[in-house]
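# Structural overview for review
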Amino acid sequence: TFVGNANYAFTSNGESGQVRVAANTNLVGQPIPSGAVSLIAVCSQYQAVYQLLPRDQNDIFISSTFPLNQPLQPL
């Protein structure tokens, strides 16, 4: 589970960085996704390390789900 004021390593397209979970977000105590995700986050840099700072649970999207722009139609 996510812990507040903690960093989590990530890689994407050959690049690496950290996801920083702040103690005041509702991510604290939530399970850490085990697969690929899409993420909306504030980008930051701490010393020489690039960090992504998600604001809350709504900023993490499990990649196995996707939004539909139109209702599904029968074949």
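## Thoughts on the pairing of strand β1 (residues 6-12)
For β1 and strand β2 (residues 15-21), the ladder comprises seven bridges, and the chain directions are antiparallel. When the sheet's bridge partners are listed, Y8 is paired in β2 with V19. Counted along the chain from β1 to the antiparallel partner β2, the turn is two residues long, and its residue N13 has a positive phi close to 50°.

## Things to note about the side chain of D59
Secondary-structure assignment places D59 in the loop between β5 (49-53) and β6 (60-62). You can call D59 buried: its relative accessible area is 2%. Here the side chain of D59 touches R55 through a polar contact of 2.7 Å, landing on its backbone nitrogen. Excluding anything up to four places from it in sequence, D59 contacts S38, L39, I40 and P54.

## Observations regarding the packing of aromatic side chains
Going through the model one piece at a time under the given rule, you end up with one aromatic pair. Seen in terms of ring centroids, F2 and Y8 are 5.3 Å apart; in terms of plane orientation they differ by 85°. Their pairing is edge-to-face. What makes F2 buried here is its relative accessible area of 7%.

## A closer look at the nonpolar core
Core analysis: the largest hydrophobic core is formed by six residues, namely F2, V19, V21, L27, L52 and I60. Once you skip the residues sitting within four places of it in the chain, L52 turns out to touch F10, Q18, V19, R20, L39, A41, V42 and C43.

## What to know about a nonpolar patch on the surface
A contiguous nonpolar surface patch, about 200 Å² in accessible area, is contributed by V37, L39 and I62. You can see V37 is positioned in strand β3 (residues 37-39). Overall, V37 belongs to the partly exposed group, its relative accessible area being 36%.

## Regarding unusual backbone geometry
Despite not being glycine, N5 shows a phi value in the positive range, around 55°. Note on placement: N5 falls in the segment before β1. Its relative accessible area of 49% is what places N5 among the partly exposed residues. Despite not being glycine, N13 shows a phi value in the positive range, around 50°.

Rules used in this analysis
- Residues numbered from 1 in each chain as written.
- Predicted model: local features only at pLDDT ≥ 70, side-chain atom pairs only at ≥ 80, totals over all residues.
- Heavy atoms only, no water.
- Pairing = 2+ DSSP bridges.
- Helix = DSSP H or I, 4+ residues; strand = E, 2+ residues; numbered from the N terminus.
- Buried < 20%, exposed > 50% of the residue type's maximum accessible area, 1.4 Å probe, protein only.
- Polar contact = N/O pair within 3.5 Å; in protein donor to acceptor, adjacent residues only side chain to side chain.
- Contact = heavy atoms within 4.5 Å.
- Phe/Tyr/Trp six-rings, centres within 6.5 Å; stacked < 30°, edge-to-face > 60°.
- Core = buried A, V, L, I, M, F, W, Y, C linked by side-chain atoms within 4.5 Å.
- Patch = residues over 30% accessible without salt bridge, like charges linked within 9 Å, V, L, I, M, F, W, Y side chains within 5 Å.
- Areas by Shrake-Rupley, 256 points an atom, 1.4 Å probe, with all protein chains shown as cover.
- Salt bridge = Lys/Arg side-chain N within 4 Å of Asp/Glu carboxyl O.

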